[in-house]
Structures are given as structure tokens and as C-alpha cells.
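# Residue-level structural notes
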Amino acid sequence: MGVNLSHWALRNRSLVIYFMIMAVIAGVFSYARLGRNEDPTFVIKTMVVQAAWPGATIEETLNQVTERLERTLQETEKLDFLRSYTKAGVTTIFVNLQGDTTAREVRDIWDEVRRNVADMRSTLPMGIVGPGFNDNFGDTFGIIYGFTADGFTHRELRDHVEDVRSTLLKVRDVSKIEILGAQDEKIFVEFSMKELATLGVDRSALIRALQSQNIVRPGGTIETGDETLSLRVSGAFTSEQDVLDVNFAVGDRMLRLRDIAQVRRGFSDPPQPLFRVNGKPAIGLAIAMRDGGDILALGQNIKTKMDEVKATLPLGIEPRLVADQAVTVESAISEFMSSLWQAVGIILVVSFISLGVRAGLIIALSIPLTLAIVFAIMELFGIDMQRISLGALIIALALLVDDAMTMTDATLTRLAKGDSKEEAASFAFRTYAFPMLAGTLVTIAGFVPVGFAASSAGEYTFSLFAVVSIALLVSWVVAVIFAPILCSVILKPPAPAASGESSKVLETYRGFLSRAVAAKGLTVAATLAVFVASILALPLIPRQFFPSSDRPELLVDMRLPQNASIFATEDAVERLDAALRGDEDVARWSTYVGRGAIRFYLPLDVQLPNAFFAQAVVVAKNVAARERLRARLEKLMTTDFPNVVGRISPLELGPPVGWPVQYRVSGPDIAVVRDIAFKLAAVVAANRQAEHVNFDWIEPTREVRIAVNQDEARQLGLSSEALASVLNTVITGNTLTQVRDDIYLVDVIARATDEQRVSLATLRTIQVPLPNGRTVPLSQFASFEYAQDQPVVWRRNRVPTLTVQANVSGGTLPETVVDALAPSIAALRKELPQGYAIVEGGTVEESQKSQASVIAVVPLMLLIMLTVLMVELRSFQRLGLVLTVGPLGLIGVVAALLVSGRPLGFVAILGILALLGMITKNAVILIGQIESERSQGKDVTTAAIDASCTRFRPIMLTAVSTVLGMIPIAPTVFWGPMAFAIMGGLLIATLLTLVFLPALYVAWFSRTAPSAPVANDGGTA
């Protein structure tokens, strides 16, 4: 049978022991060096393309900018869909790639997008700013500090924060640091249009005077015999005082700017997105880690450096830790390692009780040896310790003892029959090594859909496949090479009396099996009936994509009407702060005003910057406190914030989704789309389990339209362009130049005084300068009217798309709500005009896409399984028998999930596919044992019963070890459904393997097979 690895190992003990020692040492060092993170990295396959066309209406922006860009972007390779957000003068387009796009392809495609947009830029209207690109959409800023100040100006606080940022950028593993909530300084030159006209000041001449003085131009150089001298021309602005002192000629007079305008330093008006910590204005530092870094090490290094920084900060500036992924990861890894050692302990107890002290000791030594090698290989392939890989270790742990138990049990059995240790080990290898390898490969094949699912969810869970595959292959190597050495040292031949005794459990099993085989028709029929019943009960199990995180944070989304100013948003946030302040369940909170939270953990659904939006990240004291706080905040939103669309949700796991229930309404006419959306919203709201039904955009906003009498304007020497320029200068302000202040660039903005600028009532009386130096009121040649228009328009693949979205009531799964709404939605779809559609989005869509990516790989999984099984069994009949057992695990899966109340989610489905491999492995080894018994001359019935009794202990031990080893992760939110699915499925399938499979084998082969067996040599029976 070729090389006998166990025999070789025993002949080369010293070499094998040396490798064992080296493996343990390498594993210990690798474990210490493995990266630590909260979630596995996966590429956010989204690029943001933005462009601005100042002064354009929303319709002009849609037709001339968004549409042109989208046509080009639609040619992108591996494009999944485009989603664009357009408001007057600004377009934002999200380019989303297909789930099967690899990380390397993503980088190349983004380069291609940049080139294609650069090639078509000349076709965009004049005056376009951009387009700009953001392909770092998935950067995660796991550590965030907020700096509050008491007795310091915002500029003074920012100076200190910038210094801290420069210091932290030097810390190892820091890739980038973003500043949150900082307000850029501005120098406002405010003047009265009427006064300028009275003094005869030409506004354009004033602007040119400011711009021409504040320049940076080379003055030339003088070369002497000894040196080179640079010439510098003075006049550059360094402060607002320099701006005040500017002189310019008006006729034959010289005037200073201070005589005709107010010059003051302030901040962006309206404000840029704001940041608040515990209800106080703050500036934040968000720190991102480089790829492959250790978040625990980074957290400790940042903490050490911040302790040094605090000592240098003046009294009154207080840094506060807002988010610390390092603490979360440390806690998660600590819990998982605790679960891992609990699982090790459970398996060892089972081994010691069932196999005895000496045999149990072999298992006890095999586990750390296997884990050590696995850790070394994980480091080699760059697999970090995170949520998925740690869970995979626990799942693998329950599987990797199978081979060691099988080899130890077989060796012990042969020793009891008088074989020497070398002969017993060699026999165990000859009998079980290749069936075990086939079973291992079949089990690994069960995880293939996990590893090769072409979706973000598949990418997120890839390390489950990688770690389990590594662990199972290593466990086989340990079982056939290292375990024989341990057996030769530790095992002793059992006493003859003891070896001849049959346990009561085994006797009971033999008696039950004999009756089941005798009534084989009834056994098979009863099993199939229960299997059919489990399929019928499958719809009773609630479905779920990914569960919510068990972290204590809550996200509080606040969306005001879309014409709300950032001042209104800040006022709403201050009222929320007042409600959170003093709440006994709140540990701390931070608020982002005018934008969503920065991506402080990878699966966050990041929101666009918008003046009408705010998001708070509230950290409760624990998960129980989180749920109490959530209930109070939901009630608060309903009673105290009636004009705010609020959503309170825990953090998500898996790919980001957002609102759990979503329906997209799309079509060419926005008005028709809105009407359909209203009808759809009424349908969704009729379901009591759907809460807070809302739209991503729908309400129109007011605007003031100025209708210019072109004939009269031309008679006055004015054009629409000149008028728009004047209005923009008066109302919003024009940036004239910049003051270079230390590391900052401060815009100098010319605009009208407050009383002329902020009042709608004074808009009619604004004095417009004429070319002859006089001024006229705007109302002389223009009329005013209020109108309505869409503030924003969302499009998907160039079609206007309005999303109806809703939350679900506590304890309800989104899939349940969508299933309940399906008949009503189907009826509404039949009424839609041609070209309009309603499509499910949200959790259901993401779940379907992810499951489809898994199902797409199932044929490959089956091909690998069938090929491995055929190579091992070499018989279509035996192959068919093995394949009949695999699906029977569904009986236990359905029972376990129904009893536990756990949902059938993406992770549970992966567990079911993996379960198929585990069950098949046991079936393969049992079929091989039956064939071995038949080769000794036994009839089919006797061979089946004797083989089942021989394999009863190792099969049951493996199943019990696996089931009990899952207990530590069964209560967890993320792994619980998979654990229950595997526990229930494997337990029931193991019992059926030991009862149903022998009965089916006898029922099939007793019809045609002679008493003399057919060897496993490639025949069909």
C-alpha cells in the first residue's frame, strides 16, 4: 500500500520528535505575533466620484454632470450598479463593483475609472470643479479621541490637536489620522453695496487690489561672485490686519479697506460638519491602522503616547477616548480564547472518560501540537486572529480530534489482540489513514462554498474555510505521524479480561441495531418520513442575514427635512445631548453633526455629509443597558422629535445594510415614482411589525426664483451673469484670496453685511451696481416668486430611484416582515405603469445575493466530494449509500434551530454545508469497515452489524466531542446559529449513520450480494 507513514515515524523517532518540538516552538512564537483585529478585512468595493458645478440648478446638474459621468462610469469593468446623489450644483456617484471582484482587480479598476473620467472631462460644462475620487471608502478608524476645551478658542484648540496629530502619526502601525469637527478659519470682508456705490468704489477694482497684492511670485535672483541672492517682494497677507490696511485708488483719492468695509476673522459660515463629545463641542482625531497591523499593539502604543501628550497639554484641554477598537478586540479575543480552552477541556474530559487515562493523554497532547502548527501556518498566510478565524478554531477543534481518536482507538484495539506497538500503529495506518484522509478532504469540501463565495459576505467569512482546512489537514498529519510516537510511549496493552468485556452501551446498541436491520424496510421508511417532515418544517425557522453585534454601542440616526440647515440639525442634537446627559445606562457618547460617523468599525453603513443629518454613537455600559437605553431613545424620538426621521440600532455584523426593510421604486418620471412610493409606504405601514416607515428622499423644498426682465436689464447694462455674480458675492460671498497663517490657509471672503445678506425681506432692495457707477434696487428689473423643487435626487443605474425603508419591531426579523408583505407588494407591482419597478433591498437583498454566491459554489463542492468519495469507494453503489446519509443531518438541524429559537442565517447555512462533509466522513469510514468485515468472509448482515459495533465508539466519541465542544460558542450572537445547527445535525446524523446506514446497506446488498464479499478493488458492489 505504498509508504506507511506511521511505520516510518516509528523507525525515525528522533527526527519526528525533533519536528514535534520545533512545531511547538514555532506555534508559540506565531501565536504571539499573529495580528489581532475585530473583524476580518474585506474590500469595500465602492468608489465615490464627486463633481461640483456652482450655480447650476438640480435639473442642470442631473442632465449635464450626473448623466454624462454615469454614462462613462457604466462602462466600468465588473460594475454591479451605479448609485448617484444629486443636488443643485453637486453630484455624488457611488461606483459599486460585483462581489466576485478581487482586491487586486479593484485597484486596477479604480485606475481605469480615473483614466476614463479624465478622458471625458472635456465634455463636461465649463466651470466644473472636479471630478474628485475617493477609493479609500473602506478605511477603518478604530481609535478616536475627542478634545474638548474650557477657556480656549477653537483655533487654539485646533493648534494643539494638530500638534497631537503630528505626534501620533509617528506611532508604529498608524496609517492615517483624520481630524473631525475642525472649522476652517475665514476672513470676512463685509461691505454695504449702497455705500460702495455712494463712494464710487468699483467692486471689481477692489477685488483686483486685494488679489494682486497677496501673491507669491519669484522676484528673481542676483548672482554675485560669492553667492546667490534671492529677491523677495513684500505685500503678502499674514493676518486680517494686513487686509484692513490695503490701500486702493478711487478716482484721485486713496482709500483704505478699513474705511469702507468691516473685516473680521471667523469660521466657515455655514459651519462645516461638527463633532461633539458627551454633549460638548470638540475636535476629534480618528486613527486608522495599516493593513496587517496588530490593533492590540497599536492601542497600547497610542495609549502610551497619549499619556505623554496629556502631560504637555495646557489645563482646560481634555482628550477623551471616544472609540477604542483595541479594547473591543482584546475583550473579544479574551472571550474566544476562553471558549477555546473550555472546548479543549470538554474534549479532553470526554477523551479521558471514554478512552481511559493513557489514550486520553494522547488526545490531550495532540490538540496543542495541532494548534501550534495551525498558528504557524496562519502566520505564514497572513491570517489574523479575529472574529471569524477564532470561531473557526473552535469549530476545527471539535473536528481535529477525530483522526487522533480513530488512530488511538485502532492502535489500542490491536494491542489488545496481541500486536506489538509498531504492528498496531502500522495496522491503524493501513486500515484508516486513507479513509480518514478522504473524510478530511470531504469535510474540507463542505467548507468550499465558504471560501469561494463571490460576495462581500463570502469574503468576510473566508478565514473560516482557510483555518478549518488548515486544521483538518494538520490533524491528519499529526494523527498518522506524531500520534504513533505518542502511542508507542504512552499506551500499554489492555488486560485480556478487560479487552474481552463488552460495555452495556455497546450491547444495547448491538441489540437495537440487530432489530433495526431485521426490520430494515421499516427503518428506512421511518427515517425518510422524518426527513420529509423536517423539510416541511423548514419554513417555520426564522431567517436572518447576519445578527446584530453584541457590542454595547447604539447608533442614533437623525434626519431632518432635507432643506434643514446645519443650525437646525445642531439644535436637535443639543436636545438629544440633554436627554443622554445623566442617563445611568450611558457610559459616553459622541455626535457627528452634518455627517455620519466616521467608519470606526469595518461593517459600518457610512452616511454622506449633509447639513440635515446627524448621527450619535452612544456607548452603553453593557448589552443589557444598551437594550434599556434603546427602548427609551425610541420613545424619545417619537415624542420629542416629531419632524426627525430617527433610527436607533445596534452595530451590524457582516456587510453593511442600513435600514433592514427596503423597497426601491424606480422609473423615468420622478413625479410618478413619488406617487408609487406613497402607495408602497402605505402598504408597508399596514404591517404592524414594520416601524418608522420613511423615504430616503421625497419631500420638495422651497426656493426663491428671481425672474429677470432681460430687456430692462440690458438697457441698464446688466447681464444674468453679472447679476448672478453680484448676488453670489452679496449673499454667499466670493473667495478673493488666501492668508497664509502658519500651517493654515485662511480664505478671504467678500460679501455683504449681515442685514443685507440674511434677510429675505431685504432681497428686493439689494443695490445692484451698474457700469456707470450708479446702483439700482434689484426689484427694478426682477420679480420674485416662491417655488418648489427636489432638494436631492437619487438614481440607480441612471434611473431615478426612491427607496421606501422601515425598521422592524423588537424581536422581529426583516425576512419575516418582507415575507408577510410579499402578496401586497406583488399586487401593487401589477398596477405599475410600463418602465416602473419595485425591487426588494436591504437585508433581504443582501442575504439573497450572499446565499446565491454560496449556492453558485455548491456544484464545485459536490464535484470535489464525489471525486474524493469515488476514488476512495470505487463503487457507484457504495457512493450512493454514502450520499443518502449526508442530507439526513437536516433532521437534526431543523429540530435544533426550532427548539433553540435561533434563525437560519448566512453563518448557519455555512454550518449546514460543512455538516454535510462531517457526516459523509463518518459514512465513508463505516462503509470501509463493513467492506473490511465482508472481506473476512462474513455475510452482509453480520458484517454490517459487526462493523457498526467496531466503529460505534470512535464515531460516537467524535460526535459527542464535536457537540460538546460547540457549547462555549453556542450562546454567542454570531456563532450561535451555526453551533446549534452543527450540534443538532451531527448528533442526529451520527445516530442515523450507525442505524440507518447499516440497515440500508443490508437492504441493498443482501438482494444481490453472495455471502462471499467483493473486495474494494474498483468493482461496483
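That block above? That's the structure.
Structural notes, computed from the coordinates. Quantities reported herein were computed from a predicted structural model and do not represent experimental measurements.

Definitions and limits used
Residues numbered from 1 in each chain as written. Predicted model: local features only at pLDDT ≥ 70, side-chain atom pairs only at ≥ 80, totals over all residues. Heavy atoms only, no water. Phe/Tyr/Trp six-rings, centres within 6.5 Å; stacked < 30°, edge-to-face > 60°. Lys NZ or Arg CZ within 6 Å of the ring centre and 35° of its normal. Helix = DSSP H or I, 4+ residues; strand = E, 2+ residues; numbered from the N terminus. Buried < 20%, exposed > 50% of the residue type's maximum accessible area, 1.4 Å probe, protein only. Contact = heavy atoms within 4.5 Å. Patch = residues over 30% accessible without salt bridge, like charges linked within 9 Å, V, L, I, M, F, W, Y side chains within 5 Å. Areas by Shrake-Rupley, 256 points an atom, 1.4 Å probe, with all protein chains shown as cover. Salt bridge = Lys/Arg side-chain N within 4 Å of Asp/Glu carboxyl O. Pairing = 2+ DSSP bridges. Axes fitted to C-alpha atoms, helices over the stretch in contact; angles between N-to-C directions. Expected span 1.5 Å × (residues − 1). Bend = angle between axes of the 7 residues up to and from the residue. Parallel < 35°, antiparallel > 145°, perpendicular 65-115°, else oblique. Left-handed = near helix turned anticlockwise from the far one by under 90°. Nonpolar A, V, L, I, M, F, W, Y, C, P; charged D, E, K, R; others polar. Core = buried A, V, L, I, M, F, W, Y, C linked by side-chain atoms within 4.5 Å. Polar contact = N/O pair within 3.5 Å; in protein donor to acceptor, adjacent residues only side chain to side chain.

As a further point, take the packing of aromatic side chains. Scanning all chains against the criterion turns up 11 aromatic pairs. In textbook terms, an aromatic cluster arises when at least three aromatic residues are bridged by ring pairs, as seen for Tyr85, Phe94 and Trp794. A cation sits over an aromatic face here: Arg83 above Trp794, 4.0 Å from the ring centre. When the ring centre of Tyr601 is taken as origin, the NZ or CZ atom of Arg551, which lies over that ring, is 5.6 Å away.

As for its position among the elements, Lys421 is in helix H14 (residues 421-446). Assessed through its relative accessible area of 30%, Lys421 is described here as partly exposed. Sequence separation between Lys421 and Phe375 is 46 residues, and the spatial gap between their C-alpha atoms is 31 Å. Apart from residues lying up to four places away in sequence, Lys421 is in contact with Leu10, Leu415, Cys487, Ser488, Val489 and Leu491.

This brings us to a nonpolar patch on the surface. Nonpolar side chains collect at one region of the surface, where Val3, Trp8, Leu15, Ile17, Tyr18, Phe19, Ile21, Met22, Ile25 and Phe29 lie side by side and expose about 930 Å² of accessible area between them. Looking at which element gives the most residues to the nonpolar patch, the answer is helix H2 (residues 13-33), with 8 residues. With respect to the helices and strands, the residue Trp8 is situated in helix H1 (residues 5-11). According to the relative accessible area criterion, Trp8 is partly exposed, its value standing at 34%.

All right, on to the sheet that holds strand S12 (residues 261-267) then. Taken in spatial order, the 4 strands make up an open sheet running S12-S7-S24-S23, and their pairing is mixed. The open sheet is flanked by S12 and strand S23 (734-741), the only strands paired with a single partner. Adjacent strand axes in the sheet meet at a mean angle of 25°, parallel and antiparallel pairs treated alike. Bridge count for strand S7 (residues 185-191) against S12 is 7 bridges, and the pairing is antiparallel.

Right, let's get into helix H33 (residues 976-1005). The terminal C-alpha atoms of H33 lie 41 Å apart, and with 30 residues this matches the ideal 44 Å at 1.5 Å per residue to within 8%. Most pronounced at Thr993, the bend in H33 amounts to some 40°. The buried fraction of H33 is high, at 24 of 30 residues.

Another aspect to go through is the packing of helix H19 (residues 504-518) against H33. At their nearest, the axes of H19 and H33 sit 9 Å apart, and the two run at 40° to each other. In terms of orientation, H19 lies oblique with respect to H33. The handedness of the crossing between H19 and H33 comes out as right-handed. Contact residues: H19 offers Tyr509, Phe512, Leu513, Ala516 and Val517, while H33 offers Leu994, Val995, Pro998, Ala999 and Val1002. Across the contact of H19 with H33, the residue classes tally to 10 nonpolar, no polar and no charged.

So, about the pattern of salt bridges. Under the counting rule described, the total for this entry stands at 35 salt bridges. For Asp696, the salt bridge goes to Arg83, with nearest N and O atoms at 3.7 Å. Taken as a pair, Asp696 in the loop between strand S21 (690-695) and strand S22 (701-708) and Arg83 in strand S2 (residues 79-87) lie far apart in primary sequence, 613 residues in all. What makes Arg83 partly exposed here is its relative accessible area of 28%. With a shortest N-O distance of 3.2 Å, Asp946 and Arg510 are connected by a salt bridge. One end of the pair, Asp946, is in helix H32 (residues 940-965); the other, Arg510, is in helix H19, with 436 residues separating them in the sequence. Exposure remark for Asp946: the relative accessible area of 15% places this residue in the buried category.

With that settled, consider the nonpolar core. Counting residues in each nonpolar core, the largest one holds 189 residues, and the members touching the most others are Phe147, Ile302, Ile367, Leu464 and Trp975. Tallying contributions element by element places helix H17 (residues 462-490) first for this core, with 19 residues. Core analysis: the second largest hydrophobic core is formed by 56 residues, Val48, Met558, Ala564 and Ile698 among them.

Taking burial as the measure, the 7 residues of strand S16 (residues 553-559) include 7 buried ones, the bulk of the element. Here S16 shows a buried face lined by Glu553, Leu555, Asp557 and Arg559 and a second buried face lined by Leu554, Val556 and Met558. Looking at chain direction, S16 and strand S18 (residues 613-620) are connected through 7 bridges and run antiparallel. Bridging across to S18, Arg559 finds its partner in Phe613. Here 6 bridges tie S16 to strand S19 (residues 645-650), and the two strands are oriented antiparallel to one another. Residue pairing across strands places Leu555 opposite Ser649, the latter belonging to S19.

Two strands pair when backbone bridges link them, and S2 and strand S3 (residues 90-97) are joined in this way by 8 bridges, in the antiparallel orientation. Paired with Ser84 across the bridge in S3 is Ile93. Taking the residues that link successive antiparallel strands as the turn, the S2-S3 hairpin has 2 residues, and the phi of Gly89 there is positive, at about 85°. For S2 and strand S28 (residues 792-796), the ladder comprises 5 bridges, and the chain directions are antiparallel. Along S28, the bridge assignment pairs Thr86 with Val793.

Relative to the elements of secondary structure, Ala323 occurs in strand S15 (residues 317-324). For Ala323, a relative accessible area of 10% puts it in the buried group. C-alpha of Ala323 to C-alpha of Phe600: the two residues are 277 residues apart in sequence and 7.3 Å apart in space. Each residue touching Ala323, except ones within four places of it in the same chain, is listed here: Gly142, Ile143, Ile144 and Arg588.

On to the side chain of Gln386. Along the chain, Gln386 turns up in the loop between helix H12 (357-380) and helix H13 (387-416). Here Ile388 takes part through its backbone nitrogen, which lies 2.8 Å from a polar atom of the side chain of Gln386. Setting aside anything within four residues of it in sequence, one finds Gln386 in contact with Asn37, Glu38, Asp39, Pro40 and Ser463.

Taking 1.5 Å as the rise per residue, helix H21 (residues 566-580) with 15 residues should run 21 Å; its terminal C-alpha atoms sit 21 Å apart, in good agreement. Gly582 sits one or two residues past H21 and shows a positive phi near 90°.

Residue Pro131 follows Gly130 across a cis peptide bond; omega there is 0°. With respect to the element layout, Pro131 can be found in strand S4 (residues 129-134). The phi angle at Lys78 is positive, at roughly 60°, despite the residue not being glycine. Mapped onto the fold, Lys78 is located in the loop between helix H3 (58-73) and S2. According to the relative accessible area criterion, Lys78 is partly exposed, its value standing at 24%. In this structure, Arg798 is a non-glycine residue whose phi angle is positive, near 70°. Here Arg798 shows up in the loop between S28 and strand S29 (799-808).

With that settled, consider the environment of Leu355. Position of Leu355 relative to the elements: it lies in helix H11 (residues 325-355). Taking relative accessible area as the criterion, Leu355 reaches 9% and is therefore assigned buried. For the pair Leu355 and Ala827, spaced 472 residues apart in sequence, the C-alpha separation works out to 63 Å.

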